Amino acid sequence: MSLTENKILTIEGRGIPLEGNDIDTDQVVPARFLKEITFKNMGDYLFYDARFEEDGSLKEHPLNETKFKEGKILFVQENFGCGSSREHAAQAIKRYGIEAVVGISFSEIFAGNCKSLGIPIIQLDKSQISEILGAVNEFPTIICALNIKNGTLSVGAREFSFSMTPALKASLVGGTWDALTLLQNNEKKTNNLESLLPY
Amino acid sequence: MSKNTLYDKVWDKHKVDTLPTGQDHLFIGLHLIHEVTTPQAFSMMEETGATVKFPNRTFATTDHIIPTQAQERPFADGKAESMMTALENNVKKYGIKYFDFKSGKQGIVHVVGPELGITRPGMTIVCGDSHTSTHGAFGSLAFGIGTTEVRHVLETQSLALNRLKVRKINVTGDLPKGVYAKDIILAIIQATGVNGGIGYAYEFNGPVIHKLSMEERMTICNMSIEGGARIGYINPDKVTYDYLKDREFSPKGKDFDKALEYWKSIASDEDALYDDVVNINGSELEPMVTWGITPAQSIRVSEKIPEINNFYEDDRPVLAKALEYMDVKEGQHIKGLPIDVAFIGSCTNSRLSDLREAAKVLKGKKVKVKTLVVPGSQDVRAQAQKEGLDKIFIEAGAEWRFAGCSMCLAMNPDRLHGTQRCVSTSNRNFMGRQGSPTGRTLLMSPASVAASAVEGKVADIRESY
């Protein structure tokens, strides 16, 4: 895959409103689904215990509602993705078809995993998120559009500005969100540092 | 911005470069791997024909999916068996040192690394597991990573990272009887919140911290991540150096003295600058217990479950969910709450000193609920048996198992059923964490869990002495 193909510039589609603080990665993908040596089925397990009763019947959850099922941008609140480092959580989100997550705050490891997979993590403040959650709930067909380069998110006619670290922006826009190539390019310096380490 | 802290010194020593994106390129001195978060990384490498850059800086063991009763191969669970086989094939193919059942050294990765002397001060350490922060107890920068990052480390021994801020958490005073390392860290998380540590590395400091043993320090650093901090560390001191002396992988003789010089050099300077400082009075602490569904939803065992209206409005929905999920009420005493299961184990509290504390309480008594005691490693198990702790557990009616993660996250056959309520020495009381989507977890110290198992309800350890 060339870097050009990896560039993430704009994402446009319906939103999925997921309310609640401290949604941990055990809720995103419960541990019993981690016993697979590939990530390929992870999309099926997204928010499994929040979506399904033990007998398989549906619980009340945005992803169980037809109007939100095809959403591309997931809206969350505070401390999303806390807990376990399982990349399975970010993989499940991506493989389900969600392309960006927008919230108030995120766990660091989860945010790092999303970056590695090219899923933009966008931070807005509490009142902006409340407004968007309200709008998406009320008008599920409203179109949400992210422009990474300009740092804007439009929800219908409303436009919000967001800031992200220059490093994250550069890696999304430049297509280097999977840092492997950048790290490989520094091989000489890496070897040199290794030889100088006191252990 | 922090200056001259251990974090700054070790980070700078391992910084390869600034990447074109602006992130730091950090060298990783030690990579620990296990069966759950690596097979996907190795498959990607297979596709491109990549190799492991520094196999001698990589160590493997197996812990998450290990059955703690019947360990004959193939495992009854086909999926667990395939994860195990994948790891075995990968370590063989790439020449990675692997602590398997036969080695006598298998166990939870965060127990094994330290007890073998593989974990040492001044290192950068990663593992595909969020509780890698445990190794920070030795004065290393240790943190959990995802599987794509595991691949980065396997292929380049390095990562692209953002520098963190440093918060010093000073614990002063003297710990009262019945208060353990677990209670200290639960109290810290209650004070700072589950997201208070986002963007920070935590330096645990102060007289209470430096009086702790290495095993107790590991309990503290282990749960840094539950407060949102990806890294938690303690400056190395004599306790650290004494612990490391004569461990299998520790440097020996002159090499040890040389290493010691480095270890001493990376401790935070007296006049180091921090981005933030939090003070906790250790003399005022009590045994803690979580009542809710996040590790910050804890109270002193003598307290009542709090009134939701005393919290900020934003926090109330999670608190209300916690009350409903845990089937408890505001104003209810936590002490005396009936329990169904007790679990002593996990990377937080499965080391020899944890088992000793539990055994002290259980000696000559009988447990009233199903009680699992799962040592952190084969070595811990062997040492505990040498001391006769296994007999104390078995005579008390508890089950003495083989080493693994077990019912901390229930990826093996050990799990809660239905809405069972479990007192647990593990680190997460998340909904469904212990294997039943409706199971309930109350986090406590090993002594408190043992005392509760004896009474069949949440107990105050101070009344059991």
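Residues numbered from 1 in each chain as written. Chains lettered and ligands numbered in written order. Predicted model: local features only at pLDDT ≥ 70, side-chain atom pairs only at ≥ 80, totals over all residues. Heavy atoms only, no water.

Visitor: I tried to follow the overall build of chain B on my own but got confused; where do I start?
Guide: The number of helices and strands found in chain B is 15 helices and 19 strands. Its C-alpha atoms give chain B a radius of gyration of 21 Å, near enough to 23 Å, the size a compact globule of 465 residues would have. Across the 465 residues that make up chain B, the buried fraction comes to 67%. When contacts within chain B are restricted to residue pairs at least 6 apart in sequence, long-range pairs at least 24 apart make up 75% of them. A total accessible area of about 15900 Å² is found for chain B, and carbon and sulfur atoms account for 49% of it. Taking the average location of the 56 positive side-chain charges in chain B and that of its 57 negative ones, the two points are 3 Å from each other. (Helix = DSSP H or I, 4+ residues; strand = E, 2+ residues; numbered from the N terminus. Rg over C-alpha atoms; globule rule 2.2 N^0.38 Å. Buried < 20%, exposed > 50% of the residue type's maximum accessible area, 1.4 Å probe, protein only. Contact = heavy atoms within 4.5 Å. Areas by Shrake-Rupley, 256 points an atom, 1.4 Å probe, with all protein chains shown as cover. Lys, Arg positive; Asp, Glu negative; His and termini not counted. Charge placed at Lys NZ, Arg CZ, Asp CG, Glu CD.)

Visitor: Sorry, what's going on with the pairing of strand β2 (residues 24-27) of chain B here?
Guide: For a regular strand, the rule is simple: side chains alternate between the two faces of the sheet. All names here are of chain B. Here β2 shows no split at all, with Asp24 and Leu26 on one side and His25 and Phe27 on the other all buried. As judged from the three bridges shared by strand β1 (residues 15-18) and β2, these two strands associate in the antiparallel manner. Counterpart to Thr18 in the pairing with β2 is Asp24. The antiparallel hairpin formed by β1 and β2 contains five residues in its connecting segment, where Gly22 sits at a positive phi of about 105°. Of the strand pairs in this sheet, β2 and strand β8 (residues 158-161) are connected by four bridges, and their pairing is antiparallel. Along β8, the bridge assignment pairs Phe27 with Ser158. (Pairing = 2+ DSSP bridges.)

Visitor: Even after reading the chapter, I still don't get empty space enclosed by the protein, so can you show me in this structure?
Guide: Unfilled space is identified by rolling a water-sized probe across the atoms. All names here are of chain B. Evaluation of the coordinates by the stated rule reveals six cavities of 30 Å³ or more. Reported here for the largest cavity is a volume of approximately 200 Å³. Forming the walls of the largest cavity are 23 residues, and the residues nearest its centre are His64, Asp129, His131, Leu409 and Arg433. Classifying every residue of the lining of the largest cavity gives eight nonpolar, ten polar and five charged. (1 Å grid on protein atoms, 1.4 Å probe; cavity = no way out; pocket = protein on both sides within 12 Å on 5 of 7 lines; lining within 4 Å. Points joined across faces, edges and corners; volume = space filled by probe spheres on them. Nonpolar A, V, L, I, M, F, W, Y, C, P; charged D, E, K, R; others polar.)

Visitor: Which parts of the structure should I look at to understand the interface of chain B and chain A?
Guide: By a frequent convention, interface size equals the accessible area lost on bringing the separate parts together. On the side of chain A, 54 residues touch chain B, which itself brings 69 residues to the contact. Summing both partners gives a buried area of about 5200 Å² for chain B against chain A, and 59% of it is carried by carbon and sulfur. The interface formed by chain B and chain A contains seven salt bridges. With its nearest N and O atoms 2.9 Å apart, the salt bridge here joins Arg433(B) to Asp26(A). Connecting chain B to chain A are 25 residue pairs in polar contact (both at pLDDT 80 or more). Elements with a minimum of two residues in the side of chain B that touches chain A: α1 (6-14), β1, β2, α2 (39-48), α3 (78-94), α5 (147-156), β8 and α11 (316-326) of chain B. With seven residues, α5(B) is the single largest residue contributor to the side of chain B that touches chain A. (Buried area = accessible area lost by both parts, 1.4 Å probe. Salt bridge = Lys/Arg side-chain N within 4 Å of Asp/Glu carboxyl O. Polar contact = N/O pair within 3.5 Å; in protein donor to acceptor, adjacent residues only side chain to side chain.)

Visitor: In this structure, what is going on with the side chain of His25(B)? I would like to understand it.
Guide: Residue and element names in this part refer to chain B. By the element assignment, His25 lies in strand β2. Given a relative accessible area of 0%, His25 falls into the buried group. Here the side chain of His25 touches Ser158 through a polar contact of 2.8 Å, side chain to side chain.

Visitor: Any chance you could explain the domain arrangement of chain B here in plain terms?
Guide: Residues and elements named next belong to chain B. On domain assignment, one finds that chain B holds domain 1 (6-161), domain 2 (165-245 + 262-284) and domain 3 (288-460). Between the C-alpha centres of domain 1 and domain 2 the distance comes to 24 Å. Residue-level contacts link 30 residues of domain 1 with 28 residues of domain 2. Carbon and sulfur atoms supply 64% of the area buried between domain 1 and domain 2, which totals about 2300 Å² over both sides. At the junction of domain 1 with domain 2, the criterion picks out two salt bridges. Close ionic contact of Arg230 with Glu149 constitutes a salt bridge, the shortest N to O distance being 3.6 Å. For the interface between domain 1 and domain 2, the tally reads twelve residue pairs in polar contact (both at pLDDT 80 or more). Counting residues per element, the ones that place at least two in the side of domain 1 that touches domain 2 are α1, α4 (109-115) and β7 (141-144). Top contributing element to the side of domain 1 that touches domain 2 by residue count: α1, with six residues. Each residue belonging to the side of domain 1 that touches domain 2 can be placed in one class, and the counts come to twelve nonpolar, 13 polar and five charged. (Domains from an automatic or database assignment.)

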